[in-house]
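For reference, the chains in residue letters:
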Amino acid sequence: MNMIANDNRLRRQEIMLRLLDYETLSYQKLSDQYFVSRSSLSNDFNLIKHFFQKDGASLSFNNSGTFFSGSEIQAQQILKRLMISQHPPFYLDGFDSALYNRIILLLQEYSDSLQQPIPGDNMVQISTTICLLIGRAKAGHHIQLLDTNYLEPTRYYPRLWDLISRLEAVCDLVFSASELVYLVTILLGSGFSQEAGQIQEDLKNQIRALIQDVSLIINLDLLDDHKLLEDIAIHMNQLFTCLQAKISLVNPLLADIKSNYHALFQDVKYLLTNEGSRYGLPATCPLISDDEIGFLVLHIQAAIERKFIQKKVVIVSPNGIGVSTYINAKIQRLLPNLHDIQIVSLKQLEKLEVEDISFIISTVPIEGLKRPVITISPLCTEEDMRQIMTAYAEVVARQSTLNQYQMMNHGRGLINGIYKGNFKTQEEALSFLLDQQKDLKEAKKTQVLASILEREAQQSTYLGKGIAIPHANPQLVETSNISVLLLDKAIAWGYDKVDVIVLLLVAKEETSKVGDVMYFVVEGVRNKTWLLKQLENDYGMCE
């Protein structure tokens, strides 16, 4: 207990597990057990609330203390997120790793029989989901009964049900009706059925609308990329299944995607938040999670690179062709657009023209080359994949013909007003910015404010470094206006604090403005001192 008490991360992790075991915890009890102050515990619970919020779950409290008030499905999704997102991976006590490996092998065999193989990350999530489902059931935590009528249409997928029968045999159990609903939803949402024929043309038209709007924002036409259309259509088809059941997949590379493709991530998030129905998202579905947006961003980024970027990567491994082939397969899953990969020996590397190489991946240290060398383990761990993805993003940034400097400066020029003030709440600050819109009538102003606050309640627009980008429903905006508020003192913004608010009031027909402004703001998240200097220089000079 002393070791856990002295390690903030381990303490929070243990408190989280106790909450998910439906234990009610009081500050006094925890303070005595972990020998920490109430203020430290308050910080722990704030971070835990933030983590739970990613899966739509929350904490409640009564006279006895604080407790988890979500469903068992949410509890299992939180545990899955905790396990998959930890570096190094986190394993629960009692987690059956042998069963996990047997399930992975079965899913791999099934995937190999499909026309389009299932990504390895999805198989990891399915195996983790099933092991959690079984482990929690043994501990007496069963998922609640869902609408079992949902299963009826899936009877037309005989291979899917054959897979479920084989899973039951591997796990040595029979799934209950509720467990079947949950499992079928996860399998369909992960692409484990391609028996329903072609993607419906209506969905393809909706995806074309999304690609058109993305093209408009980034000022690059992607409509002629048929692979992008097919990839997003397949992903969205699976996504709708998960959304309807309020189940989400965990994106283990989300932090890296946000870091490497931050502006594109915010552009896509803006479109899906404001124009979701245009792309086929049912109005009754919850907002798409950042995890899912991250998956979509990877598809779009791959299309951007297919447009004009040429890359060559060399893999060097003295461990044999088997290891090199294994590494190559993992890279192709993560970065499907990276086609020019060459596997060579150390002697063959000496004969290559290094000027033609973007970067080198090696399982042994190599020195004296004029190109970046990424040294990885022969097992190609998740940390290794993160290094490869970062190197790849740097190559894209260097070779991209999009002039980001021009885009940032154009975005800066689109800001209509910069203001300073001191406000106590989010609503007060937003009301002030809306009051500066002279063309906005009072009734409309009330509607716009309500739409902004509603969106913030569903999903915070906090970017990081004390910067937020709230935005209104474009349907309510007649005249576009982008304004900035610099606060003397940071105010609460969800679970975060902000002192720079960039309010986006963008009419539907002027969506292209979002992209350039986003480039400017995202650069500010990377270098806030630079952003504040630019805004200070422009203060009082905007129209």
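What you see is a predicted model, and the numbers here were worked out from it, not measured in a lab. (Residues numbered from 1 in each chain as written. Predicted model: local features only at pLDDT ≥ 70, side-chain atom pairs only at ≥ 80, totals over all residues. Heavy atoms only, no water.)

Visitor: Could you give an account of the sheet that holds strand β3 (residues 313-316), naming the residues involved and the relevant values?
Guide: Spatial strand order, β4-β3-β5-β6: four strands in an open sheet with parallel pairing. Sheet topology places β4 (341-344) and β6 (373-375) at the edges, where each strand pairs with a single neighbour. The sheet shows a mean angle of 20° between the axes of neighbouring strands, taken without regard to direction. Here β3 runs beside strand β5 (residues 359-362); their pairing, made up of four bridges, is parallel. By the bridge assignment, Val316 is partnered in β5 with Ser362. (Pairing = 2+ DSSP bridges. Helix = DSSP H or I, 4+ residues; strand = E, 2+ residues; numbered from the N terminus. Axes fitted to C-alpha atoms, helices over the stretch in contact; angles between N-to-C directions.)

Visitor: An account of helix α3 (residues 27-34) is requested, with residue identities and associated values reported.
Guide: What sets the pattern is the α-helix's 3.6 residues per turn: residues three or four places apart point alike. Among all positions of α3, only Leu30, Ser31 and Tyr34 are buried. Looking down the long axis of α3, one finds its buried residues gathered within 105° of arc, a one-sided arrangement. Just past α3, the residue Phe35 takes up positive phi, approximately 60°. (Buried < 20%, exposed > 50% of the residue type's maximum accessible area, 1.4 Å probe, protein only. Arc of directions from axis to C-beta.)

Visitor: Before we move on, can you summarise the environment of Ala57 with the specific residues and values?
Guide: Among the secondary structure elements, Ala57 is positioned in the loop between α4 (38-53) and β1 (59-62). A relative accessible area of 7% means that Ala57 is categorised as buried. Separated by 18 residues in sequence, Ala57 and Ala75 have C-alpha atoms that sit 8.0 Å apart.

Visitor: How would you summarise the environment of Leu180 if you had to cite specific residues and measurements?
Guide: You can see Leu180 is positioned in helix α9 (residues 177-189). For Leu180, a relative accessible area of 13% gives the class buried. Along the primary structure Leu180 and Ile164 are separated by 16 residues, whereas in three dimensions their C-alpha atoms are 8.6 Å apart.

Visitor: A description of the packing of helix α19 (residues 426-435) against helix α20 (residues 442-458) should follow, citing residues and the corresponding values.
Guide: The axes of two packed helices give the description: the angle between them and the distance between them. Direction vectors running N to C along α19 and α20 enclose 140°, while the axes themselves pass 11 Å from each other. The angle between α19 and α20 falls in the class oblique. For the pair α19 and α20, the sense of crossing is right-handed. Between α19 and α20, the residues in contact are Gln426, Glu427, Leu430, Ser431, Leu434 and Asp435 and Lys445, Val448, Leu449, Ile452, Leu453 and Glu456, respectively. Of the residues in the contact of α19 with α20, the class split is six nonpolar, two polar and four charged. (Parallel < 35°, antiparallel > 145°, perpendicular 65-115°, else oblique. Left-handed = near helix turned anticlockwise from the far one by under 90°. Contact = heavy atoms within 4.5 Å. Nonpolar A, V, L, I, M, F, W, Y, C, P; charged D, E, K, R; others polar.)

Visitor: Give a description of the sheet that holds strand β10 (residues 481-493) that names residues and reports values.
Guide: Backbone-to-backbone hydrogen bonds pair the strands of a sheet. The strands run either parallel or antiparallel. On the basis of which strands lie adjacent, the open sheet formed by five strands has the order β7-β10-β11-β9-β8 and mixed pairing. A single partner strand is all that each edge strand has here, and the edge strands are β7 (417-421) and β8 (462-464). As paired strands, β10 and strand β11 (residues 496-505) are joined by nine bridges and run antiparallel to one another. Bridge assignment links Trp493 to a residue of β11, and that residue is Asp496. Sheet strands touched by α19: β7, β10 and β11. Its angle to β10, the strand with the most contacts, is close to 155°.

Visitor: Run through α19, naming residues and quoting values.
Guide: Turning to α19, its buried residues are Gln426, Ala429, Leu430, Leu433 and Leu434. The arc that holds every buried residue of α19, seen down its axis, measures 135°, which confines them to one face. For α19, the elements touching its buried residues are β7, α20, β10 and β11.

Visitor: Break down the side chain of Gln74 for me, with residues and values.
Guide: Counting through the fold element by element, Gln74 comes out in helix α5 (residues 72-85). For Gln74, the side chain forms a polar contact with the main-chain nitrogen of Ser71, separated by 2.9 Å. Ignoring sequence-local partners within four residues, the contact set of Gln74 consists of Asp55, Gly56, Ala57 and Phe68. (Polar contact = N/O pair within 3.5 Å; in protein donor to acceptor, adjacent residues only side chain to side chain.)

Visitor: Tell me what's going on with the nonpolar core, and back it up with residues and numbers.
Guide: Grouped together as the largest cluster of nonpolar side chains are 77 residues, with contacts concentrated most on Leu222, Ile232, Leu272, Ile300 and Leu535. In contact with Leu222, not counting residues within four places along its chain, are Ile211, Ser215, Leu228, Ile300, Ala303 and Ile304. Counting 52 residues, the second largest nonpolar core, distinct from the first, contains Leu25, Val36, Phe51 and Leu163. (Core = buried A, V, L, I, M, F, W, Y, C linked by side-chain atoms within 4.5 Å.)

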